[in-house]
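Chain by chain, the residues run as shown.
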Amino acid sequence: MDIQVETDVALIGAGPIGLEMAVALKKETFAYSHIEAGCLGATVDWYAPGTHFFSSPERIAIAGVPLCNVDQTKATREQYLTYLRSVALQHQLIVRTHERVVEAKRSDNGDFMLSTIKSTHGVGGPSEQSYLPDPEATKKSYKAKKVILSIGDMHIPRLLGVPGEGLAHVSHYLQDPHRYYGSKVLIVGGKNSAVEAAIRLYRAGAQVTLCYRQKELDKERIKYWLYPEIQFLMKKGVIEFRPESVVTKILERTVEMKSAQNGGKTVAHTFDSVLLLTGYEQDGSLFDQLGVKLHGAEKKPEFNEQTMETNVSGVYVAGTAVAGTQLRGVKEFIETSHVHVERILASLKGEQPPEGGSGAAGDFLEN
Ligand SMILES: Cc1cc2nc3c(=O)[nH]c(=O)nc-3n(C[C@H](O)[C@H](O)[C@H](O)COP(=O)(O)OP(=O)(O)OC[C@H]3O[C@@H](n4cnc5c(N)ncnc54)[C@H](O)[C@@H]3O)c2cc1C
């Protein structure tokens with residue numbers, strides 16, 4: 001393979017933590033290449049317009065750059081993406097955007113060889129499938145002494161595994177609420193994403209039904225400002241709640257559901273759109289290719305907590321990528337990940353890992 005880029009550190013992923021890592025590498029004058037499959041902050045980019053973070057601004061600020069907004073409330077998707085661009089500009093970061101790493105392996109002399117292809121989107125999101133017609137023609141190769149995987153953990157929607165899940169009117173991603181005006185929408189799920197979508201789509205003029213497999217919504221797992229609101233709207237009857245219900249089949253016009261309300265019988269209801277907001281999984285293929293061991297149902301990568309180095313010497317993991325797929329409640333967020341940057345930097349410099357670090361304990365809630 002012809003090597004097109006040779007570098008000391010290949011940093012993969014330009015979400016908030018990848019960018020924070022890039023600033024740290026640049027400050028310490030490491031030779032590094034930063035590769036991102038989509039745009040800066042590609043995961044945040046696919047949130048629906050106007051989505052608010054639940055983390056306070058100071059917890060998601062990176063690289064010591066304050067995140068200020070006009071009304072001192074939680075940042076929106078748009079404010080945060082603007083902020084990420086400002087951080088990149090301020091630190092003159094070079095990010096090779098729209099290049100996806102598709103192959104990663106260690107060569108006999110110990111260097112890491114990476115191949116990328118041009119990609120129009122990040123890894124994850126509603127446009128994930130749209131590759132270019134001839135990806136091979138866009139292939140690029142990299143050689144690096146170390147690799148940092150800050151690739152996130154929300155790459156693939158968690159599928160229900162029912163017939164019809166791939167139909168055009170079915171999505172695993174909330175898009176602009178405006179698009180749902182005047183339509184009948186079924187939302188499947190019972191955590192933050194589903195509850196937030198239900199409230200927003202109702203306000204955008206959709207007729208909303210929320211289908212959840214549990215008996216009731218779990219107050220502990222829903223943002224504290226959303227829970228009373230959804231309860232109020234369901235009680236008022238403007239959002240229909242179908243507890244203890246599971247979707248069994250999706251057709252062009254109808255959705256078949258089994259529900260305790262119907263004594264466990266399958267009943268078909270008519271909907272224009274179906275939103276399956278049941279969570280996301282990590283694509284661990286780069287870990288596999290590099291020989292990083294993955295553990296448990298979460299497929300959590302093996303790494304040293306002090307240095308963030310995986311079981312493969314020279315391969316590090318940062319950000320929410322450390323979690324694998326977050327199955328038993330979300331515990332890894334931006335705010336828990338800042339410390340990864342300090343640990344990796346210390347390890348690359350051959351220094352003692354920092355004590356404690358700046359990872360703040362937060363009020364964690366799932367999406
Ligand atoms: C609606 C919603 C609201 C949320 N609110 C919050 C919140 O309030 N607080 C919070 O902390 N978190 C929140 N999250 C989760 C948040 O998105 C993640 O915590 C955050 O993005 C993690 O940052 P990261 O840098 O670790 O990973 P990511 O932001 O996921 O970045 C990983 C990057 O790696 C790229 N990548 C992956 N694989 C490759 C590859 N093979 N080649 C090249 N590039 C690759 C991806 O395109 C992506 O840009 C929310 C999520 C959703 C969906």
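Let me begin by describing the structure that accompanies this report. The structure displayed is predicted, hence computed values, not measured ones.

**Focus on the sheet that holds strand 12 (residues 254-259)**
Within the open sheet, the three strands sit side by side as 11-12-13. Their pairing is antiparallel. Each having just a single partner strand, strand 11 (245-250) and strand 13 (266-270) make up the two edges of the open sheet. Between one strand axis and the next, the sheet turns by 35° as a mean value, whatever way the strands run. With five bridges joining them, strand 11 and strand 12 adopt antiparallel strand pairing. Looking across to strand 12, one finds that Ser245 is bridged to Ser259.

**A closer look at the pattern of salt bridges**
Applying the stated criterion across every chain, the model contains 17 salt bridges. Where Asp8 meets Lys145, a salt bridge forms, and the shortest distance between an N and an O atom there is 3.6 Å. Here Asp8 is found in strand 1 (residues 5-12), whereas its partner Lys145 is found in strand 5 (residues 140-149), with 137 residues between them in sequence. A relative accessible area of 32% means that Asp8 is categorised as partly exposed.

**Overview of the site of the ligand**
Around the ligand, a shell composed of 33 residues is seen, among which Glu36, Thr43, Tyr47, Phe54 and Ser55 lie nearest. The backbone of Pro16 places a nitrogen or oxygen atom 3.4 Å from an oxygen atom of the ligand. Residue Glu36 places a side-chain N or O atom 2.7 Å away from an oxygen atom belonging to the ligand. If the ligand stood free it would expose 970 Å²; the protein chains cover 96% of that surface. Contributions of two or more residues to the shell around the ligand are made by helix 1 (16-27), helix 2 (42-45) and strand 3 (99-106). Broken down by class, the residue content of the shell around the ligand amounts to 17 nonpolar, 13 polar and three charged.

**Re the packing of helix 1 against helix 8 (residues 334-348)**
Interaxial distance between helix 1 and helix 8 falls to 9 Å at its minimum, and their mutual angle equals 30°. Considered as vectors, helix 1 and helix 8 are oriented roughly parallel to each other. Viewed along their axes, helix 1 and helix 8 form a crossing whose handedness is right-handed. Between helix 1 and helix 8, the residues in contact are Pro16, Ile17, Glu20, Met21, Ala24 and Leu25 and Ile334, Ser337, His338, Val341, Ile344, Leu345 and Leu348, respectively.

**A short note on the side chain of Arg242**
For Arg242, the location among the structural elements is in strand 10 (residues 239-242). You can call Arg242 buried: its relative accessible area is 11%. Arg242 has contacts with Thr209, Leu210, Cys211, Tyr212, Met257, Gln261 and His269, leaving out every residue within four places of it along the chain.

**A word on the packing of helix 5 (residues 192-203) against helix 6 (residues 227-236)**
When two helices pack together, you describe them by how their axes are tilted relative to each other and by the distance separating the axes. Where helix 5 meets helix 6, the closest approach of the two axes is 10 Å, and the angle between their N-to-C directions is 55°. Overall, the two elements helix 5 and helix 6 adopt an arrangement that is oblique. For the pair helix 5 and helix 6, the crossing hand works out as left-handed. Contacts between helix 5 and helix 6 involve Val195, Ala198, Ile199, Tyr202 and Arg203 on the former and, on the latter, Glu229, Ile230 and Leu233. When its residues are assigned to classes, the contact of helix 5 with helix 6 shows six nonpolar, no polar and two charged.

**Overview of the packing of aromatic side chains**
Under the criterion given, the structure shown has nine aromatic pairs. Each ring, one from Tyr47 and one from Phe53, has its centre 5.6 Å from the other, and the planes form 55°; the classification is tilted. With relative accessibility at 23%, the residue Tyr47 sits in the partly exposed group. Of the residues examined, Phe53 reaches a relative accessible area of 7% and is grouped as buried. Each ring, one from Phe54 and one from Phe333, has its centre 5.3 Å from the other, and the planes form 90°; the classification is edge-to-face. Note that Phe54 is positioned in the loop between helix 2 and helix 3 (57-60) and Phe333 in the loop between strand 18 (315-317) and helix 8, a separation of 279 residues in sequence. Accessibility classification places Phe54 together with Phe333 in one group, the buried group. One aromatic cluster is present, formed by Trp46, Tyr47, Phe53, Tyr80, Tyr83, Tyr173 and Tyr280 through successive ring pairs. We note Lys184 situated over the ring of Phe271; from NZ or CZ to the ring centre the distance is 5.6 Å.

Cut-offs applied
Residues numbered from 1 in each chain as written. Predicted model: local features only at pLDDT ≥ 70, side-chain atom pairs only at ≥ 80, totals over all residues. Heavy atoms only, no water. Pairing = 2+ DSSP bridges. Helix = DSSP H or I, 4+ residues; strand = E, 2+ residues; numbered from the N terminus. Axes fitted to C-alpha atoms, helices over the stretch in contact; angles between N-to-C directions. Salt bridge = Lys/Arg side-chain N within 4 Å of Asp/Glu carboxyl O. Buried < 20%, exposed > 50% of the residue type's maximum accessible area, 1.4 Å probe, protein only. Near = heavy atom within 4 Å. Polar contact = N/O pair within 3.5 Å; in protein donor to acceptor, adjacent residues only side chain to side chain. Areas by Shrake-Rupley, 256 points an atom, 1.4 Å probe, with all protein chains shown as cover. Nonpolar A, V, L, I, M, F, W, Y, C, P; charged D, E, K, R; others polar. Parallel < 35°, antiparallel > 145°, perpendicular 65-115°, else oblique. Left-handed = near helix turned anticlockwise from the far one by under 90°. Contact = heavy atoms within 4.5 Å. Phe/Tyr/Trp six-rings, centres within 6.5 Å; stacked < 30°, edge-to-face > 60°. Lys NZ or Arg CZ within 6 Å of the ring centre and 35° of its normal.

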